[in-house]
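# Summary of structural features
The residues making up each chain are set out below.
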Amino acid sequence: MLRFEVSVEDLLRSRFALSPAMDLCFLLGSLAGRDRRLPRAWATRLRPAFERLRRETELNAALALYTPQGGPNFVAPPPRGLNQTWADDLAVIRATPLEAARHELATTATGPSARDPRVRAVLDSTDAVSRIAEAMDRAWYELLAPDWPQLRAICERDIVHRVGVIGEHGWATTIESLHPSITWQDGGIEVGHFPQVGTVRLAGDGLLLIPSAVVGNIAAHTEDPWPRTLIYRARGTAALWSERETVPHPEALTALTALTALVGRSRARLLVTLDAPASTSHLARSLAMAPGAVGDHLAILRSAGLLVRARSGRSVLYRRTPLGEALVAGSG
C-alpha cells in the first residue's frame, strides 16, 4: 500500500494538471502489450501505424526505457499546469542534457529489448536524446494527436467535476472518488492498489492530480523531479470507448431512441453528455461537433428549461436542470 501523509498546507497547495507526454507513454506501453490492453477498436486502428513506426523510427529505443515500475523522467517531464501541450513537453525532452539522460538510461534500460543491437546503438549514441525525442514526436502526431482534442476535453471536464466535488463535499470525498482503492484514513491518503511502497510525506508541497484518458488503472510519482503525484482514470473515458465498441442493450437503445425522437439526435447526445458541467468548446471536442452547432443546440435546450448556464472564470459552463436530469433518467 502507498500512503501520502497530508497536512492542511498540503491541501491548500494541491492542484490539477494535464500531461500529454505521460499519456503518450501510457499509450505506447499499451500498444507494446506492457500495460492495460487498449479498447479493441482503438488498438486495431492504431496498431498498423505503431508497427510501422517501430520499423521506420527509433521508437523501439524509447520503448526499451520502460519497466513495470516505470520509465525515465526525461521522456515524460512533470507538467506545469492545465495548459500543458505536447510542444511544451517535447521542448523539455529535447533540452535534456546527455549526461542526465544517460544516468536515467543506466537504471531503466536494463531489459531484454535494451540489448537489441539497433536499440543499444541508439541508447549509447551521443545524440540519443534527440533521436528518442524525434521518434516520440512522430508517435504523437500519428498515434495520439488525432484523438487528443476529444481526450483532452474529457480530462478538462473531469477536473471541472472534481473541483465541484471539492466545493460541495470537501477534499476527502474528492480523493476517494478517484479510484476504488483510495481511502482517506487518519489524516492521509491510502492507495491500496500498489504493493508495499510505504509512506510518502508531501511536506507542504501538496499533491498533483492528473486525469488521464489512457492510464489503465492508477499510477503515482513519489520521487523527484516529479512532485508527489496521483494519475487517475478520467470520468467519461470508459463511456467513450464502450460507446464506440459495444452494441447497446435493446432496452437502453429503445430509451435513447425515444429521447432522440423527442429532442433530436444531437441534442440528445448533448443532454446525455452533460452529466457534469461543461463549456461549449469542451462539448464540441468531446462529441466531435462544430462549436457553432453545439452553441445553437445548447441555446434551444436552455430555452426549453433543460439546461442552465453559469460563468466559471473565463468559461461559461452548462449543466442539466432537474427537468433535464429527469428526462435523461427517464430515457435510461
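Here, the structure is the one placed above.
Here goes a summary of the coordinates provided.

### Some remarks on the nonpolar core
- Grouped together as the largest cluster of nonpolar side chains are 77 residues, with contacts concentrated most on Ile132 and Leu143.
- Counting residues per element, this core draws most heavily on helix H8 (residues 128-144), which supplies nine residues.
- Contact partners of Ile132, with chain neighbours within four places excluded, come to Ala61, Ala62, Leu65, Phe74, Val75, Val122 and Leu123.
- Counting residues in hydrophobic clusters, the runner-up holds 15 residues, among them Leu274, Ala284, Leu298 and Leu301.

### Things to note about the packing of helix H2 (residues 20-31) against H8
- Contact geometry of H2 with H8 gives a least axis separation of 11 Å together with a crossing angle of 80°. With respect to H8, the axis of H2 lies roughly perpendicular. From H2, Pro20, Asp23, Leu24, Cys25, Leu27, Leu28 and Leu31 reach across to H8, where they touch Met136, Ala139, Trp140, Leu143 and Leu144.
- Each residue belonging to the contact of H2 with H8 can be placed in one class, and the counts come to eleven nonpolar, no polar and one charged.

### Some words on the pairing of strand E6 (residues 208-212)
- The buried count for E6 comes to five of five residues, which makes it a mostly enclosed element.
- The two faces of E6 match: Leu208, Ile210 and Ser212 on one face and Leu209 and Pro211 on the other face are all buried.
- With two bridges joining them, strand E2 (residues 15-16) and E6 adopt parallel strand pairing. Residue pairing in the sheet places Phe16 in a bridge with Leu209 of E6.

### Examining the pattern of salt bridges
- Applying the stated criterion to the full structure yields 21 salt bridges.
- Note that Glu58 is salt-bridged to Arg118, the shortest N-O span being 3.7 Å. Here Glu58, found in the loop between helix H3 (40-56) and helix H4 (59-63), pairs with Arg118, found in helix H7 (residues 117-123); they are 60 residues apart in sequence, far enough to count as distant.
- For Asp124, the salt bridge identified is with Arg120, shortest N-O distance 3.2 Å.
- For Asp124, a relative accessible area of 48% corresponds to the partly exposed category.
- Judged by relative accessible area, Arg120 falls into the partly exposed class, the value being 28%.

### As for the sheet that holds strand E4 (residues 188-191)
- The sheet built from four strands is open, its strands ordered E3-E4-E1-E5 with mixed pairing. Of all the strands in the sheet, the pair left with one neighbour each is strand E3 (182-185) and strand E5 (198-201). Taken pair by pair, the neighbouring strands of this sheet meet at an average axis angle of 25°, ignoring direction.
- With four bridges connecting them, strand E1 (residues 2-5) and E4 associate as antiparallel partners. When the bridges of E4 are listed, Phe4 appears paired with Ile189.

### Here we look at the sheet that holds E2
- In spatial order, the strands read E2-E6-E8-E7; together these four strands make up an open sheet with mixed pairing. Among the strands making up the open sheet, the edge pair consists of E2 and strand E7 (218-221).
- Relative to strand E8 (residues 229-233), E7 runs antiparallel, the two being bridged by four bridges. Residue pairing for E8: Ala219 is matched across the bridge by Ile231.
- Contacting E6, E7 and E8, H2 runs over the sheet at an angle of about 50° to E6.

### Some points on empty space enclosed by the protein
- Applying the stated criterion across every chain yields a total of one cavity of 30 Å³ or more.
- What the largest cavity holds in volume is close to 30 Å³.
- As for the largest cavity, its lining consists of Val6, Leu11, Ser14, Trp171, Ile175, Ile189, Leu202, Leu207 and Leu209.
- Taken together, the residues that form the lining of the largest cavity break down as eight nonpolar, one polar and no charged.

### Observations concerning the packing of aromatic side chains
- One pass over the full model with this rule turns up two aromatic pairs.
- Taken together, a centroid distance of 5.2 Å and an interplanar angle of 10° make the contact between Trp86 and Trp140 stacked. Of the two residues, Trp86 sits in helix H5 (residues 86-94) while Trp140 sits in helix H8, which places them 54 residues apart along the sequence. Note on accessibility: Trp86 and Trp140 belong to one class, buried.
- When the centroid spacing of 5.5 Å and the interplanar angle of 65° are considered together, the rings of Trp140 and Trp148 count as edge-to-face.
- Using a relative accessible area of 5% as the deciding quantity, one classes Trp140 as buried.

Conventions we followed
- Residues numbered from 1 in each chain as written.
- Predicted model: local features only at pLDDT ≥ 70, side-chain atom pairs only at ≥ 80, totals over all residues.
- Heavy atoms only, no water.
- Core = buried A, V, L, I, M, F, W, Y, C linked by side-chain atoms within 4.5 Å.
- Buried < 20%, exposed > 50% of the residue type's maximum accessible area, 1.4 Å probe, protein only.
- Helix = DSSP H or I, 4+ residues; strand = E, 2+ residues; numbered from the N terminus.
- Contact = heavy atoms within 4.5 Å.
- Axes fitted to C-alpha atoms, helices over the stretch in contact; angles between N-to-C directions.
- Parallel < 35°, antiparallel > 145°, perpendicular 65-115°, else oblique.
- Nonpolar A, V, L, I, M, F, W, Y, C, P; charged D, E, K, R; others polar.
- Pairing = 2+ DSSP bridges.
- Salt bridge = Lys/Arg side-chain N within 4 Å of Asp/Glu carboxyl O.
- 1 Å grid on protein atoms, 1.4 Å probe; cavity = no way out; pocket = protein on both sides within 12 Å on 5 of 7 lines; lining within 4 Å.
- Points joined across faces, edges and corners; volume = space filled by probe spheres on them.
- Phe/Tyr/Trp six-rings, centres within 6.5 Å; stacked < 30°, edge-to-face > 60°.

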